[in-house]
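A closer look at the structure
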Amino acid sequence: MSANAQLKVKTVCSDFVVDVLDGKINGVHPDFTTAQIKTKLPCFTNEEPATSKCGGAIYYKDRDVVFFTGREYVEIGPKFKGKLTLPLMGGKRGSFFKLLGNPKLKDTDWDAFETQYGCLILYYNSASKVRMIRFSTKATDQINLCE
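Rules used throughout
Residues numbered from 1 in each chain as written. Predicted model: local features only at pLDDT ≥ 70, side-chain atom pairs only at ≥ 80, totals over all residues. Heavy atoms only, no water. Core = buried A, V, L, I, M, F, W, Y, C linked by side-chain atoms within 4.5 Å. Buried < 20%, exposed > 50% of the residue type's maximum accessible area, 1.4 Å probe, protein only. Contact = heavy atoms within 4.5 Å. Pairing = 2+ DSSP bridges. Helix = DSSP H or I, 4+ residues; strand = E, 2+ residues; numbered from the N terminus. Phe/Tyr/Trp six-rings, centres within 6.5 Å; stacked < 30°, edge-to-face > 60°. Lys NZ or Arg CZ within 6 Å of the ring centre and 35° of its normal.

What follows deals with the nonpolar core. In this structure, F67, L120 and L122 are the most contacted members of the largest nonpolar core, which totals 30 residues. The contacts of F67, once residues within four sequence positions are left out, are I25, V28, H29, I37, L41, G56, A57, I58, Y60, Y73 and V74.

Here's what the structure looks like:
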């Protein structure tokens with residue numbers, strides 16, 4: 001009789017749906033605690049503790065999503081697997097006015113928009129198309145990104 005089970009059930013999450021205008025993924029906001037995120041989205045692939053350089057992170061590498069728990073923002077990469085409520089990924093820079101208004105801050109490679117929940121930052125590739133999305137419950141003058 002073996003006491004250690006070798007068969008383990010893989011944790012499954014439903015498809016990720018990013019609500020861009022409300023700043024959440026499947027109902028999970030960037031300012032949720034690590035425990036809250038892991039309970040609602042248990043299919044994470046890796047985790048960094050709060051003592052790490054970026055203040056803690058929960059990775060969903062198979063979906064190209066990272067929750068930076070200590071800094072209260074979410075990063076969605078170019079290989080994102082899921083659904084965006086607004087078709088931002090791959091969209092052309094300057095084509096989001098009707099959806100998001102004017103950016104509050106701009107740089108050569110990104111635009112930052114104020115939102116009702118905090119801010120939304122769109123990063124562009126050399127063709128001026130969205131390659132990465134970050135959103136936070138913090139305002140543009142409060143967000144602290146991990147670079």
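Before going further, it helps to examine the sheet that holds strand β7 (residues 83–84). Spatially, three strands are ordered β2-β1-β7 in an open sheet, and the strand pairing comes out mixed. Only two strands of the sheet have a single neighbouring strand rather than two, namely β2 (24–25) and β7. Two strands pair when backbone bridges link them, and strand β1 (residues 17–19) and β7 are joined in this way by two bridges, in the parallel orientation. Residue pairing across strands places V18 opposite L84, the latter belonging to β7.

To continue, consider unusual backbone geometry. Even without being a glycine, N26 presents a positive backbone phi close to 50°. Tracing the sequence through the fold places N26 in the loop between β2 and α1 (34–40). The partly exposed category is assigned to N26, whose relative accessible area is 27%. Within the chain, E72 stands out as a residue other than glycine whose phi angle is a positive 55°. Along the chain, the position of E72 falls in the loop between β5 (65–68) and β6 (73–76).

Glancing now at the environment of L100. Inspection of the secondary structure puts L100 in helix α2 (residues 97–100). When the C-alpha atoms of L100 and T115 are compared, they prove to be 8.1 Å apart, with 15 residues separating the residues in sequence. Ignoring anything within four residues of it in the chain, the contact list for L100 reads L21, L86, L88, F113, L120 and L122.

Right, let's talk about the sheet that holds strand β4 (residues 57–60) for a bit. Taken in spatial order, the eight strands line up as β3-β4-β5-β6-β11-β10-β9-β8 in an open sheet, and their pairing is antiparallel. This sheet does not close on itself; its edge strands, each paired only once, are β3 (46–48) and β8 (105–106). Two elements, β5 and β6, share four bridges in a ladder whose sense is antiparallel. If you follow F67 over to β6, its bridge partner there is V74.

Scanning all chains against the criterion turns up four aromatic pairs. Centroid distance F16 to Y60: 5.3 Å. Interplanar angle 65°. Geometry classified as edge-to-face. Of this pair, F16 sits in the segment before β1 while Y60 sits in strand β4, and the two are 44 residues apart along the sequence. The exposure classification of F16 matches that of Y60, with both residues buried. Geometrically, the ring pair formed by Y117 and F135 is edge-to-face, given 6.2 Å between the ring centres and 80° between the ring planes. Taken together, the residues span a long stretch of sequence, with Y117 in the loop between β9 (110–114) and β10 (119–124) and F135 in strand β11 (residues 130–136) at a distance of 18 residues. Exposure remark for F135: the relative accessible area of 2% places this residue in the buried category. One aromatic cluster is present, built from ring pairs that chain together F16, Y60 and F67. K61 extends its terminal NZ or CZ atom over the ring of Y59, reaching a point 5.6 Å from the ring centre.

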